[in-house]
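Now for the letters of each chain:
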Amino acid sequence: MRFGIFYEHQLPKPWNEGDEARLFHQALEQVVLADRLGFDYAWEVEHHFLEEYSHSSAPEVFLAACAALTKTIRVGHGIRQVIPNYNHPARTAEGLATLDIISHGRLDFGIGEGATRLELGGFGIPAKEKRALALEAAEQIANMMVMDPYPGFEGRGFSFPCRNVVPKPMQKPHPPMWMACTNRDTIKIAASKGLGALAFSFVDPEEARNWANIYYGIIKSEDCVPIGHSVNANIAMVSNFSVHNDRAEAIRRGQEGFEFFGYAVNALVAHDALPGRSTLFADFQKSRANSDEEIIAARSMAERNANGIGTPDDIREHITAFQDAGVDQVIFLQQAGRNRHDHICESLELFAAEVMGGFKAQVAEREARKARELAPYVAAAMGRKAWMQPLADHEIPVVPASVVRAQINATTR
């Protein structure tokens, strides 16, 4: 089992001067600590305009800082918004390759599309087209990172001429590719495209087993046709994370933050928004105190989603269940709501000291066995891929040296 940590950069109101800066620098301290403790991944989301819920609008900057401050932990876009309206595919390819170089080949690349009207509407993205636009862009980003030169593209979401997109990433053919998944349907899509599944939904081990069976069943089938130049057959599940030797204290430290996370995910999709005047955390607090019945219901939901909160023994049991279900990585959400920096660090340290070692000792054998089992299926999947054809030297178009020269050439043809 691999272990990751995950950041939305949540900042509930009221805000005081310096709060945003403190949030980011404390997150960097946590990543540095996780690196020293032996965690495998640090994942960073990309969202726009989602005040209080996520102030992570420039993950490439945060991840570059993480890469510079750490030695072994992998840095992951979990996810990068790849639709061209958010980030032009060529700029994404350039940024990914640069970050892979800066990190000495420690980058993972998750793709996403956004779900809220605040984001989609802000960038003029039709909600019904977002999935197709994201997958089209992701495939071309992979091509841009590999091909020399990139032949050019005319597509549904963007057009781009022949150019050599540089630099090229350190990892060959390119960093491992993942896709954000929130339900069984997106798990199926990720597997069919040869992408790792970043399962950003809180599910119990039984449902995780269902997701893993669906995912690996498709990876092994003829339905798997990769959009990248390699297959990344992995499934990662997000989990709450608050560890203390006293279970009640672990709950006290983490429960409210994780409840806020769940509330906000739903509210941002279902509720109208007034930009610059968010009351997300205040609304959440009101919802917790509405009535005895609602409090009981909220606590019941919290208990169902409380996996990852408790003693080291509780967490060990929780992870074992995910491992037995076929999950490859557990990603811990520890920075949520008003969860405190010192409590997060203490949880990371306690987990590393009492839980992590037993699982890490099994990684090499488990992954080698899995690689042997999947090798023929991966080879078959790559054989089904529709490859973009490279240009022969005589087919590479000349790019005129100036606008004037281009106009002259156009008029003399």
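The rules we used
- Residues numbered from 1 in each chain as written.
- Predicted model: local features only at pLDDT ≥ 70, side-chain atom pairs only at ≥ 80, totals over all residues.
- Heavy atoms only, no water.
- Helix = DSSP H or I, 4+ residues; strand = E, 2+ residues; numbered from the N terminus.
- Rg over C-alpha atoms; globule rule 2.2 N^0.38 Å.
- Buried < 20%, exposed > 50% of the residue type's maximum accessible area, 1.4 Å probe, protein only.
- Contact = heavy atoms within 4.5 Å.
- Areas by Shrake-Rupley, 256 points an atom, 1.4 Å probe, with all protein chains shown as cover.
- Pairing = 2+ DSSP bridges.
- Salt bridge = Lys/Arg side-chain N within 4 Å of Asp/Glu carboxyl O.
- Phe/Tyr/Trp six-rings, centres within 6.5 Å; stacked < 30°, edge-to-face > 60°.
- Lys NZ or Arg CZ within 6 Å of the ring centre and 35° of its normal.
- Axes fitted to C-alpha atoms, helices over the stretch in contact; angles between N-to-C directions.
- Parallel < 35°, antiparallel > 145°, perpendicular 65-115°, else oblique.
- Left-handed = near helix turned anticlockwise from the far one by under 90°.
- Nonpolar A, V, L, I, M, F, W, Y, C, P; charged D, E, K, R; others polar.

Chemist: Could you clarify how one ought to interpret the overall build of the protein in this entry?
Modeler: Regarding its fold elements, the protein presents 14 helices and 12 strands. Rg of the C-alpha trace for the protein: 22 Å, near the compact-globule value of 22 Å for 413 residues, within the 12% margin. Over its C-alpha atoms, taken along the principal directions, the protein stretches across nearly 80 × 50 × 40 Å. For the protein, the proportion of its 413 residues judged to be buried stands at 51%. Within the protein, contacts between residues at least 6 apart in sequence are counted, and of these 77% link residues at least 24 apart. Taken as a whole, the protein presents about 18800 Å² of accessible surface, with 53% of it coming from carbon and sulfur.

Chemist: What exactly am I supposed to notice about the pairing of strand S8 (residues 196-199) here?
Modeler: If a strand is regular, its side chains alternate between the two faces of the sheet. Taking every second residue as pointing to the same face, both faces of S8 are buried, with Gly196 and Leu198 on one and Ala197 and Ala199 on the other. Judged from the four bridges that link them, strand S7 (residues 177-181) and S8 form a sheet pairing that is parallel. Bridge pairing in S8 links Ala180 to Leu198. Bridging between S8 and strand S9 (residues 235-240) involves three bridges; their strand directions are parallel.

Chemist: Explain the pattern of salt bridges here, please?
Modeler: Inspection of every chain in the model, using the stated rule, returns 24 salt bridges. Between Arg22 and Asp19 there is a salt bridge whose closest N-O contact spans 2.8 Å. In this pair, Arg22 and Asp19 both sit in helix H1 (residues 19-37), three residues apart, roughly one turn of the helix. Residue Lys130 is joined to Glu113 by a salt bridge in which the shortest nitrogen-to-oxygen separation is 2.7 Å.

Chemist: Got a minute to help me understand the packing of aromatic side chains in this structure?
Modeler: Any two aromatic rings considered together are summarised by their centre-to-centre distance and by the angle between their planes. Here the structure, examined in full by the defined rule, presents 23 aromatic pairs. Each ring, one from Phe202 and one from Phe261, has its centre 5.9 Å from the other, and the planes form 85°; the classification is edge-to-face. Here Phe261 lies in helix H8 (residues 247-270) and Phe202 lies in the loop between S8 and helix H7 (205-219), a separation of 59 residues in the sequence. Summarising the aromatic geometry, the rings of Phe332 and Phe351 are spaced 5.1 Å apart at their centres and angled 75° between planes, so their arrangement reads as edge-to-face. Pair noted here: Phe332 is in strand S12 (residues 329-333) and Phe351 is in helix H12 (residues 341-360), with a separation of 19 residues, a long-range link. In this structure an aromatic cluster arises from ring pairing among Phe3, Phe39, Phe241, Phe332, Phe351 and Phe359. In this arrangement the basic side chain of Lys13 is found over the ring face of Trp15, its NZ or CZ atom lying 4.8 Å from the centre. In this structure, Lys385 is placed above the aromatic ring of Trp387, and the distance from its NZ or CZ to the ring centre is 5.2 Å.

Chemist: What's the story with the packing of helix H3 (residues 89-102) against helix H5 (residues 130-146) in this structure? I'm lost.
Modeler: Between two packed helices, what matters for the description is the angle formed by their axes and the separation of those axes. Two numbers describe how H3 lies on H5: the axes approach to 9 Å, and their chain directions differ by 50°. Between H3 and H5, the interaxial angle falls into the category oblique. As for how H3 packs across H5, the hand of that crossing is right-handed. Only Ala137, Ile141, Met144 and Met145 of H5 make contact with H3, whose side of the interface consists of Pro89, Ala90, Thr92, Ala93 and Leu96. The residue inventory of the contact of H3 with H5, partitioned by class, reads eight nonpolar, one polar and no charged.

Chemist: Is there a simple way to think about the environment of Ala368 in this case?
Modeler: Looking at the secondary structure, you find Ala368 in helix H13 (residues 363-384). Its relative accessible area of 36% is what places Ala368 among the partly exposed residues. With 296 residues separating them in the primary sequence, Ala368 and Thr72 have C-alpha atoms 20 Å apart.

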